[in-house]
Amino acid sequence: MSTMADHIGDGERPRANVVGAISMLRRRIALFLVAVLVFEGLAIGAAMIKQPKFTASARVVFDPRGNAVLKAPANDPSLDSMAVDTQVEVLKSRATIERVIKQNGLTKDPEFNKQLPPGLLASLTGGVQRQATSKGQDPLMDATVQNLSERLSGNSLGLSSVIQISFRSKSPLKSAQLANAFAEAYIATQLSVKTQAAARMLAELESRLAELRANAERSDTAWREYQVASGLVTTQSAAGATALQQEIQSLTMQLAEARAGQAIAQAQQGVVAGLTGARDTFGEAQESPVLQALKRQRNEVSAKLAEANVRYGPRHPEVLAQTQALRDIEAQINDETDRVRRTVTSQSRAAQSRTAAIEGQLAAANARLQRANIASVGESQLKNRAEADMAIYQTFLERYKQVSAEAGMERPDARIISYAAVPTKPSSLPRSLIAALGLLVGCAAGLVLVVLVEALFGGVYNTAQVTSAFGVPCLGYVPELESIPMASGGFKRGQRPSPTEAPLAEPLSPFSEMLRNLLAAEPFNLGQHRNFTVMLSSSVAGEGKSTCSIALARSLTLQGARVLLIDADLIRHAATRHLGAPQAGLVELIDGTASLSQVLQKDPLSGLYWIGVSKHVAAPGAFAKPAFRDILADLRARFDIIILDAAPILATADARRLAQEVDRVVMAIRWSKTPRSAIRAAFKVFRAMGIPVAGAILTRVDMQKQARMGDADRFDDYYQYQAYSV
C-alpha cells in the first residue's frame, strides 16, 4: 500500500521537514519561551553583577644556556617544550605568589583578600593573625594566594621558549604593575634557587671528596699488601697455568675415549642382560668361531633329521639318534653363549673402572688449577677496585674545581624581554555580548527541551505524522465539536448537539462534512464494494473511537446505506451506553440464548441498525467461538457495511481475535494525546498477526489550536472555506 510519503517529491521533503520543525516549535512555544527567558535573565544578571576586568602581560624568555654552573653534560633543554611548561608551573607556584604578595602588601588589598568583608578586615586582622599563629597557618595569606592564582596565567608562545605572564585586575594600572611584579619575582626566584643550589652542591662535594679520597687510599694499600703477601709474579703464574691446562686437556681427551668405550661395553651388556629367545643371536655370540662351528653342525644334523623323519617316520632309530645329536649341539651352543655373556660383563666393568680413574685424575688437576687462579683473581679484583676508586675521586675533584671557580657568578635561566603596559580596554566580555550569548544559549536550550519533550511526550498532530511515523494513510479528522462553528450558528453554549447527533442536527456543518470526507476514504467507500466489515479500534482507552463509530454509522445511514453498528467492546461497551440498554446483546446471540431479531436494534433518529452488549455480561473468548464467525457471515450478507466498535488492541485479547475475523481494520488516534510509543506498540501487534491496517483517523481534533500550531494540513485554510457550509 502506498503512503503519503511515497507521493512526496524529493524537492518537497526538505520543505516538509522545515514545516514540521516550525509546527513543533509552535506547539511548544511556551516551553521554548520559558527556557529563553530563564537563560537570558541569568545572563543579564551575571552581566550586571560582573565588573569589567583588565589584563596586562609581560614576557620573559627561558634560556638555560646562559649559565653552566649547575648544568650537567646533557642535551640542551631550551628546545624541550616540557622544560618551558615546567617553568610556567614554577611561575605559578605558591612560593612565587607569596613573594609578590609580601613585596606589594597585597594581604591588605580588598580586591585580592576575599576572606573577610573590607569593612571588618581592619578590626578582625588581629584575631585572624592570632588564630593563624595558634594553628600554624595564615588564613589571610591563603585567601590572598588563592585569589591571585586564579587571576595569574602563564603560557608559552607557540613552540618558542618565550613565556607570557598575564594578570587580571579591576584596575588597569594594578594589572600592569602586578604582571611586571610576577615577572621580576620569577627571575628573582630563579636566581635565589640557583645560589642556594650552588652552595649546597659545594658543601656536598667537599664532604664527598673527603670520603672518596679515603676510599681510594684504602683500596690502593690493600692491593699492594695482597701482592706482597701472595708473592704473585705475572710470568710465573702464566707459565704454571699453561702447563696445568695442557695436562687437563690431555686428561679430558682420555676421559672422552674411556667414556666412549664404557658406553659401548654398557650397551653390549644391556643387550646381553635383556636377551630372550635364541642366545646365540647377539653380536658377540655371532663373532665367536666356536659358535659358528656349532651352528654349522646344528644345520647339518637338522637336515639329516628332516630327511630321516621323511624317509623312516618319527619313531625310527635313525630319527631318534639325530634328535639326540641335535639336542647335544644346542646344549653346547647355550654353554658357549653363557661364556660370551660373562666375557662381555667383565669388559663393561673394566671400562667403568678405567673411566672412574681418569675422572679422578681430571678432578685433581682442576683443583690444582683453581687454587692457582684464586690468587690471581683476588689480585685482579683489588687492582680494579683501586683504579675505579681513584677514577671516581678524580671526577669529583674536577667537578669541585669547576663549581668553586664559577661560584658567585650565577645568573637566572630567564630574562625579561618586555614589560607589561597599562591596558586601555577591558579583557572581560562586554555586557551586551553576555546578554547576546545568554539569548543564544537560551534559544539552543529551548530547542533542545522542545525536541526532548516532543520525543518523550508528544502525540500525533497531523496526517503527515501518521503516514511518516506509522506507514499507514491517515483517512481524516473527527474534530472536537466546540472547536468549529455549526452551520446554523444558532445554538448557544450548552445547547450544541453531541458529536454523535451532529450529523443529524447539522448535516451541512463543517463537522458533518469532515465525517463525509472520512466515509469517502477506501475503508468505508461503498462505491465499489459492499457487504464488508470494518473494525474500529485504538491503542488505549479514551481515544473517542465509540463516538466516532456512531457518528460514522449514522452519516452512512443518512446517505442511504444499510449499516449495522456492533458494539464489540465487551468490557466498557460505550456505544451501547450511548444508544440504549438492550435486554439481550451480542454475547447472547453468540451463545444462542437470543435470536437476531431479539438483539437487533434500530436507531429511531437515523434508522441505523445496531447490536449492543447487555449489562453485567462477562464472556471472555466470545469472538473465538465458531458461532461468531457464522453470525458475522450472515450479517455481512444482510448489510452493506458493518462497523464494529472494538476494544483497544493493547488492552484485551478479544480485540486481537476480532481483528482476524473482519475485512478491514481502522485505528483511532486521539489528536495530541495518545503517546507515539503506544501507537507503535499497537501497530506492532497487527504486524505480528499479519493483519494490515487500512488507515487511521485522528479523533477529537481541536481545529482552532491545530490551525494556530500550523498542523492542520489541508485544513490550514479552514477559516477561509468554511463559508461554503450552509
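In this text the structure is predicted, and so the values were computed from the model without any measurement.

Regarding the environment of Gly 41
Structurally, the position occupied by Gly 41 is in helix α2 (residues 29-49). A sequence separation of 394 residues divides Gly 41 from Ala 435, and the C-alpha atoms of the two residues are 8.5 Å apart.

Here we look at the environment of Val 100
Structurally, the position occupied by Val 100 is in helix α4 (residues 94-104). Its relative accessible area of 0% is what places Val 100 among the buried residues. Sequence separation between Val 100 and Ala 185 is 85 residues, and the spatial gap between their C-alpha atoms is 6.5 Å. If sequence neighbours within four positions are ignored, Val 100 has contacts with Leu 106, Leu 178, Ala 181, Phe 182 and Ala 185.

A few points about α2
For an α-helix the count is 3.6 residues per turn, leaving residues at separations of three or four pointing the same way. Helix length check: α2, at 21 residues, gives a terminal C-alpha distance of 30 Å against a target of 30 Å (1.5 Å per residue), a fit within 8%. Listed as buried for α2 are Phe 32, Ala 35, Val 36, Glu 40, Ala 43 and Ala 47. In a view along the axis of α2, the buried residues occupy a sector of 120°, so they form one face of it. Projecting away from the buried face of α2 at angles above 90 degrees are the exposed residues Ala 30, Leu 37, Leu 42, Met 48 and Ile 49.

Some thoughts on the sheet that holds strand β1 (residues 54-62)
Within the open sheet, the four strands sit side by side as β2-β3-β1-β4. Their pairing is antiparallel. The sheet is open, and its two borders are formed by β2 (152-156) and β4 (414-418), each paired with just one other strand. Strand-to-strand, the axes of this sheet are offset by a mean angle of 30°, without reference to chain direction. In the sheet, β2 pairs with strand β3 (residues 162-169) via five bridges, with the strands oriented antiparallel. Residue Asn 155 lies in a different strand from β3, and its bridge partner there is Gln 164. Together, β2 and β3 form the strand contacts of helix α6 (residues 139-151), whose direction differs from that of β3 by roughly 120°.

Some thoughts on the sheet that holds strand β7 (residues 563-568)
In any sheet, the strands associate via hydrogen bonds between backbone groups, in a parallel or an antiparallel arrangement. Here we have eight strands laid out as an open sheet, ordered β5-β12-β11-β6-β10-β7-β9-β8, and mixed in their pairing. Only two strands of the sheet have a single partner each, and these edge strands are β5 (474-479) and β8 (601-602). Bridge count for strand β6 (residues 532-538) against strand β11 (residues 664-670) is five bridges, and the pairing is parallel. Paired with Ser 538 across the two strands is Ala 668, which belongs to β11. Against the sheet, helix α20 (residues 626-638) makes contact with β6, β7, β9 (609-611) and β10 (641-646), and its axis sits at roughly 135° relative to β10, the strand it touches most.

Here we look at the nonpolar core
Formed by 88 residues in total, the largest nonpolar core has its most connected members in Phe 524, Ile 611, Leu 635, Ile 641, Leu 658 and Ile 697. Counting residues per element, this core draws most heavily on helix α16 (residues 545-558), which supplies six residues. Apart from the residues within four sequence positions on either side, Ile 611 is in contact with Leu 564, Leu 565, Ile 566, Asp 567, Gly 585, Leu 586, Leu 589, Leu 596, Val 599, Leu 600 and Leu 635. Residues Ala 56, Leu 91, Phe 167 and Ala 414 belong to the second largest nonpolar core, which totals 31 residues.

With respect to the environment of Leu 212
The residue Leu 212 is located in helix α7 (residues 172-230) in this model. The class of Leu 212 is buried, set by a relative accessible area of 5%. Through-space distance from the C-alpha of Leu 212 to that of Met 390 is 8.0 Å; in sequence the pair is 178 residues apart. In contact with Leu 212, not counting residues within four places along its chain, are Ile 392, Tyr 393 and Phe 396.

A few points about the packing of α4 against α6
Between α4 and α6, the shortest axis-to-axis distance is 10 Å and the interhelical angle comes to 110°. With respect to α6, the axis of α4 lies roughly perpendicular. Along the contact surface, α4 presents Arg 94, Ile 97, Glu 98, Ile 101 and Lys 102, while α6 presents Met 141, Asp 142, Thr 144, Val 145, Leu 148 and Ser 149. Its residues assigned to classes, the contact of α4 with α6 shows five nonpolar, two polar and four charged.

Thoughts on the packing of aromatic side chains
Taken as a whole and judged by the stated rule, the model has six aromatic pairs. Measuring from centroid to centroid gives 4.8 Å for Phe 623 and Phe 628, while their planes differ by 55°, and the two rings are tilted. Here Phe 623 falls in the buried class, since its relative accessible area comes to 1%. By relative accessible area, Phe 628 is classed as buried at 1%. These aromatic residues form a ring-pair network of at least three members: Phe 112, Phe 167 and Phe 182. The aromatic ring of Phe 532 is capped on one face by Arg 664, whose charged end is 4.2 Å from the ring centroid.

Notes on the pairing of β11
Burial within β11 is extensive, with six of its seven residues counted as buried. Between the parallel elements β11 and strand β12 (residues 695-701), the chain passes through helix α22 (residues 676-689) in a crossover that is right-handed.

Some points on the side chain of Asp 645
Tracing the backbone through its elements, the reader meets Asp 645 in strand β10. For Asp 645, the side chain forms a polar contact with the side chain of Lys 545, separated by 3.0 Å. Setting aside residues up to four positions removed in sequence, Asp 645 forms contacts with Leu 536, Lys 545, Ser 546, Ser 549, Ile 566, Asp 567, Ala 568, Asp 569 and Ala 575.

Here's the deal with unusual backbone geometry
Phi angles above zero are rare outside glycine, and Asn 531 is one such case at about 60°. Position of Asn 531 among the secondary structure elements: in the loop between α15 (510-519) and β6. A relative accessible area of 34% places Asn 531 in the partly exposed class. Phi at His 573 is positive, roughly 35°, even though this residue is not glycine. On the secondary structure map, His 573 appears in the loop between β7 and α17 (574-579).

A closer look at the confidence of the model for the chain
This prediction gives the chain a mean pLDDT of 79; 81% of its residues lie at or above 70. Predicted confidence is poor over residues 716-721, with pLDDT under 50, and the contacts of this stretch with residues over four places away or in other chains come to 10 contacts.

What counts and what doesn't
- Residues numbered from 1 in each chain as written.
- Predicted model: local features only at pLDDT ≥ 70, side-chain atom pairs only at ≥ 80, totals over all residues.
- Heavy atoms only, no water.
- Helix = DSSP H or I, 4+ residues; strand = E, 2+ residues; numbered from the N terminus.
- Buried < 20%, exposed > 50% of the residue type's maximum accessible area, 1.4 Å probe, protein only.
- Contact = heavy atoms within 4.5 Å.
- Expected span 1.5 Å × (residues − 1).
- Arc of directions from axis to C-beta.
- Pairing = 2+ DSSP bridges.
- Axes fitted to C-alpha atoms, helices over the stretch in contact; angles between N-to-C directions.
- Core = buried A, V, L, I, M, F, W, Y, C linked by side-chain atoms within 4.5 Å.
- Parallel < 35°, antiparallel > 145°, perpendicular 65-115°, else oblique.
- Nonpolar A, V, L, I, M, F, W, Y, C, P; charged D, E, K, R; others polar.
- Phe/Tyr/Trp six-rings, centres within 6.5 Å; stacked < 30°, edge-to-face > 60°.
- Lys NZ or Arg CZ within 6 Å of the ring centre and 35° of its normal.
- Right-handed = clockwise from strand over helix to strand, strands pointing away.
- Polar contact = N/O pair within 3.5 Å; in protein donor to acceptor, adjacent residues only side chain to side chain.
- pLDDT = per-residue confidence, 0-100.

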